[in-house]
Amino acid sequence: MNGLLSRLTRPEGLVSLHLHPYRTICRSCVRMFKLHGMDYHRTPSGTSTAPYRDVWRVGTYCVCCSCFLPQALQSRGISELLLTADRHVGLEVGGMGGVLRTLNLRKLNYDDIKYLEAVQPNSPMLVMEYWTGWFDGWGDLHHSFPAEGCVLCIYTGVYIYRCVYIQDMVSVVREILRRGMSINLHMFHGGTNFGFMSGALANPSYKALVTSYDYDAPLSEAGDYTPKYHLLRDLLSRYNHDQLPDMPALRWKESYEAAIMYHHLFLWDALPFTEEPLKSRTPVNMENLPVNNKNGQAYGYTLYETTITTGGFLNSGKHIRDRALVFVDRSFIGLFNYKMIELAVPEGKDPHRTTTEQEERTLSLLVENCGRVHYGRGFDRQRKGIVGDILLNSVPLRDFTIYSLDMTQRFIDSLYRAPWKTLPNKPSFPGFFQGRLFVDGYPSDTFVKLPGWSKGVIFINGQNLGRYWNVGPQQALYVPGPFLNSGTNQVIVFEEEEADFKIQFEDAPDLGMTVDIQ
């Protein structure tokens, strides 16, 4: 379910009901049953052979929510139309009594349309999410969905080709309208995941999404018209007896002189400008840190430090969410992520110590929240930072000092008091780099590129533009003109690993190499 109801909660358990030969019941409904003196049978997942109607599995969401959710909304004064929205996989199990069922799709599946017509014959037919494109993950290619149809010829053997007609956006929209159905374009304009607001995918494995949410939508990330827009406008005009209004003028895009970085601030020199660090026996995930008026940390980075007296093998236990740079005495030794969970910690090299003396060193883990999963089975497992024990030679590390680096505008603005130094030839990483962008006249939209940089975050006049990463596909970040001042603009870049000392501003986007969605 992907509709209005699922904006409050995501009933993946409904999919479980479809996949498993027993019912699913969520913990909220367990509490509700107990409150009303009702009983249920609980069985571990995958171990039951009891009849379908007699066994309930405790899961995340359940079929009981189909009663609870509409009542919960309506009892709180919500009188608007309620609906559920499902793609093909969850269509038959995703509905709720008395709630309009709708479709999510990119390509037409006539069986799904017939099913909806059969189960709700007197109801309006709506495509709630018609996917005009798709989002991009770091390390992937930029996804594109053709505006007009084409024939793809696939080589299958010696002199043998199989030709397939690829459905396109316009033909799908035309058929939906021909059938008298309603449609909602997702997205018509995708926009940008400014700051740390980009999401992530959980299946088949965790993958963070890029800063741009261009989505190959009819309006581009910067609000420019695309071929899809013009084709849709022409198609929709046939269903409108009145003349369509004139199209608004586009914003001018400008390329500016490169911003040269001239000041540098080592990460550890910025720590005095964070909130008071937490001393904790065990790791604490970022959401439970006593920062931001005890509301916890939502986004950004978190730095965990502890003392070690030996080298050996460090194991994350898959408790890093989502990516961590690891340091010993502020020297980089390796990386943790979902795939890399073990690395070697070198022994100390103090020549003045005997073999019986233990050398104390500082182990630091700079953990980045790369983005929370926004749909799917991982929806409820999105705590970030370190979420469990980290082992050194199979022994859990203890006694941490934890710094919140959420990099809010208040934190970035406070760095004017920090001990910035003239940029050296070989700066230390991670670090902050400061420069200036000069804008002559009224500011225009632009796109910032960082060739020669590795991975980090860009701030202009305190505004967090978002993440960049040289793994692509996105190569340029969108900068709206209103973010800029006429004259001098402050540019701060937080870079994790490598820097080129200047950043470029161009008049066109660069979303990377493209792959067509099949």
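Computed from a predicted model, the values in this text were never measured in an experiment.

Within a beta sheet, neighbouring strands are joined by backbone hydrogen bonds and run either parallel or antiparallel to one another. Reading across the sheet, the 6 strands line up as E13-E24-E14-E20-E17-E18 and stay open at both edges, with antiparallel pairing between neighbours. Unpaired on one side and paired on the other, strand E13 (278-280) and strand E18 (331-336) mark the two borders of the sheet. Put simply, the sheet's adjacent strands are angled 25° from each other on average, direction ignored. Note: strand E14 (residues 301-308) against strand E20 (residues 361-368), 8 bridges, orientation antiparallel. From the neighbouring strand, Thr 307 faces E20, where its bridge partner is Thr 362.

Side chains of Leu 141, Met 513 and Val 515 sit close together on the surface and give an oily, nonpolar patch of about 270 Å² of accessible area. Tracing the sequence through the fold places Val 515 in strand E33 (residues 514-516). Under the relative-accessibility criterion, Val 515 is labelled partly exposed at 31%.

Within helix H5 (residues 169-178), 7 of the 10 residues are buried, which leaves it mostly tucked inside the rest of the structure. Every buried residue belonging to H5 is among Met 169, Val 170, Val 172, Val 173, Glu 175, Ile 176 and Leu 177, and all of these are buried. Elements that come into contact with the buried residues of H5 comprise strand E4 (100-105), helix H4 (110-119), strand E5 (126-131), strand E9 (182-186) and helix H6 (227-237). Sitting at the amino-terminal end of H5 is Asp 168, which places a side-chain oxygen 3.1 Å from the backbone nitrogen of Val 170. Count one or two residues on from H5 and you reach Gly 180, which has phi positive near 80°.

Let us look at the side chain of Asn 104. On the secondary structure map, Asn 104 appears in strand E4. Within the structure, the side chain of Asn 104 is placed 3.3 Å from the backbone nitrogen of Glu 129, a separation counted as a polar contact.

The next point concerns the pattern of salt bridges. Two side chains bearing opposite charge may form a pair once their charged atoms approach each other closely. Under the criterion given, the structure shown has 19 salt bridges. A salt bridge links Asp 399 to Arg 281; the shortest N-O distance between them is 3.3 Å. Taken together, the residues Asp 399 in the loop between strand E23 (395-396) and strand E24 (400-405) and Arg 281 in the loop between E13 and E14 connect sequence positions 118 residues apart. The closest approach of N and O atoms between Arg 467 and Glu 368, which form a salt bridge, is 2.9 Å. Linking Arg 467 in strand E29 (residues 463-469) with Glu 368 in strand E20, this pair joins segments that are 99 residues apart in sequence.

To continue, consider the pairing of strand E12 (residues 256-266). Here 3 bridges tie E12 to strand E32 (residues 502-506), and the two strands are oriented antiparallel to one another. Directly across from Ile 260, in E32, lies its bridge partner Lys 502. In this sheet, strand E26 (residues 431-439) lies alongside E12 in antiparallel orientation, the contact comprising 5 bridges. Note on E26: the bridge partner recorded for His 263 is Gln 434.

Time to look at the confidence of the model for the protein. Interpretation of the predicted coordinates at a detailed level should be avoided for regions scoring low in pLDDT. Here the protein shows a mean pLDDT of 85. Residues at 70 or above account for 82%. This stretch, residues 1-24, has a pLDDT under 50; its non-local contacts, to residues over four places away or in other chains, come to 79 contacts. Long-range and interchain partners of residues 161-166, a stretch whose pLDDT sits below 50, account for 24 contacts in this model, where long-range means more than four residues apart.

Reading guide: rules and limits
Residues numbered from 1 in each chain as written. Predicted model: local features only at pLDDT ≥ 70, side-chain atom pairs only at ≥ 80, totals over all residues. Heavy atoms only, no water. Pairing = 2+ DSSP bridges. Helix = DSSP H or I, 4+ residues; strand = E, 2+ residues; numbered from the N terminus. Axes fitted to C-alpha atoms, helices over the stretch in contact; angles between N-to-C directions. Patch = residues over 30% accessible without salt bridge, like charges linked within 9 Å, V, L, I, M, F, W, Y side chains within 5 Å. Areas by Shrake-Rupley, 256 points an atom, 1.4 Å probe, with all protein chains shown as cover. Salt bridge = Lys/Arg side-chain N within 4 Å of Asp/Glu carboxyl O. Buried < 20%, exposed > 50% of the residue type's maximum accessible area, 1.4 Å probe, protein only. Contact = heavy atoms within 4.5 Å. Polar contact = N/O pair within 3.5 Å; in protein donor to acceptor, adjacent residues only side chain to side chain. pLDDT = per-residue confidence, 0-100.

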